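Now for the letters of each chain:
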Amino acid sequence: MKTKKRMNNKEKTFLAIIVPVVILFFTFNTLPMLKGVMYSFTNYKGYGSSDWVGVRNYLDLITDTRVWGSYLFTFKYAIAGTILVNIISLLMALGLNSAIRFKSALRGIYFVPNILGGLVIGYIFSFIFTYIIPAVGQALGISFLENSILASEQFAWVGVLIVGVWQAVAMNTIIYISGLQTVPSDVYEASMLDGASKWKEFWRVTLPLVMPFVTINLVLSTKNFLMVFDQIMALTKGGPAQSTESISYLIYRNGMDGGQFGFQSANAVVFFVVIVAISLFQMIVLNKKEEQL
């Protein structure tokens, strides 16, 4: 007769840690997501009773101009933000990884924006854009600075972009610095002996070796910019004239306050699929690029 194998202390500790985490993750993440998918097939308003409407909410998304406008703004914001953040982060990482004075202090200072909450930073910049910059513009007689950029239907998204990029640069820079520190110093010595210029050294040596970190940053920054919410909430609340209304903000606003809980649940499901598809596409393309390099 076989006896049951008793768990050792290591296995018991592992279960004691992993089981509560799985339960909490399912309760606060997976279960609400499944309920959201269920609500997307109903006309639930966020209160009261609801009826099953099938795929009607998904069909209505196709003809809703406000939804299309929010997708257009979100993609424009995400593309511009991803490009700017990764260029600035890589340049900062190259500078902070070189032999400069006060390197450790500078690494601490530039990381401060990432520590502060998005809403806190948003409200601070809202005050700067609304009061300080217009006052400076009036004092110096610079006409285009006299009005708040957040009040401009054409340029308000630029103000939101400045805040988003300013906050996102820190984390991406950390990842790039980690990548640069994995590059062996003898590789640079060999390129220097070959007479390669700094520019050629960057393109032929540094970039190919840190490409996995570029992939990580591109995927993460694109995902984060697509999910922009805090900056919109603090700076513009989707205005003026819905010109800065992101998908996340539209889902929150009309789902919670607008009586469109079921409709916006469908929007959230589609948005989730879009983000996953974009992330997978980026991973496939960038992984192929890594192999080529």
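Predicted model, so just to flag it, every value in this text is computed and none were measured.

A. Expanded view of the UniProt feature "transmembrane region" (unreviewed entry) in the protein. The feature "transmembrane region" (unreviewed entry), as annotated in UniProt, sits at residues 12-31, 77-96, 108-134, 154-180, 201-220 and 266-286 in this numbering. A distance of 31 Å separates the end C-alpha atoms of residues 108-134, which is 89% helix and 0% strand. Note that residues 266-286 is 100% helix and 0% strand, and that its end C-alpha atoms are spaced 30 Å apart.

B. Summary view of the environment of Thr63. Mapped onto the elements of the fold, Thr63 is located in helix 2 (residues 56-63). On the accessibility criterion, Thr63 (63% relative accessible area) is exposed. Taking the C-alpha atoms as reference points, Thr63 and Leu34, 29 residues apart in sequence, are found 25 Å from one another. Reaching out from Thr63, the side chain makes a polar contact with the backbone oxygen of Asp60 at a distance of 3.2 Å.

C. The nonpolar core, seen in detail. Counting 33 residues, the largest nonpolar core has Tyr77, Leu235 and Phe271 as its most contacted members. Those elements that provide at least two residues to this core are helix 2, helix 3 (65-97), helix 6 (118-140), helix 7 (156-180), helix 10 (211-226), helix 11 (230-235), helix 12 (247-257) and helix 13 (261-292). At seven residues, the largest contribution of residues to this core is made by helix 3. Beyond its immediate stretch of four places on either side in the chain, Tyr77 contacts Val160, Leu161, Gly164, Phe225 and Val228. Of all hydrophobic cores here, the second largest spans 15 residues; its members include Ala93, Tyr110, Val183 and Val210.

D. Highlighting the pattern of salt bridges. Tallied over the full model, the rule gives two salt bridges. A salt bridge links Glu245 to Arg66; its shortest N-O distance comes to 2.6 Å. In this pair, Glu245 is assigned in the loop between helix 11 and helix 12 and Arg66 in helix 3, connecting sequence segments 179 residues apart. Here Asp257 makes a salt bridge to Arg253, at a shortest N to O gap of 3.8 Å. Within this pair, Asp257 and its partner Arg253 are both found in helix 12, separated by four residues, close to a single helical turn.

So, how was this worked out
Residues numbered from 1 in each chain as written. Predicted model: local features only at pLDDT ≥ 70, side-chain atom pairs only at ≥ 80, totals over all residues. Heavy atoms only, no water. UniProt positions renumbered as here; feature names shortened; annotations may be inferred. Helix = DSSP H or I, 4+ residues; strand = E, 2+ residues; numbered from the N terminus. Buried < 20%, exposed > 50% of the residue type's maximum accessible area, 1.4 Å probe, protein only. Polar contact = N/O pair within 3.5 Å; in protein donor to acceptor, adjacent residues only side chain to side chain. Core = buried A, V, L, I, M, F, W, Y, C linked by side-chain atoms within 4.5 Å. Contact = heavy atoms within 4.5 Å. Salt bridge = Lys/Arg side-chain N within 4 Å of Asp/Glu carboxyl O.

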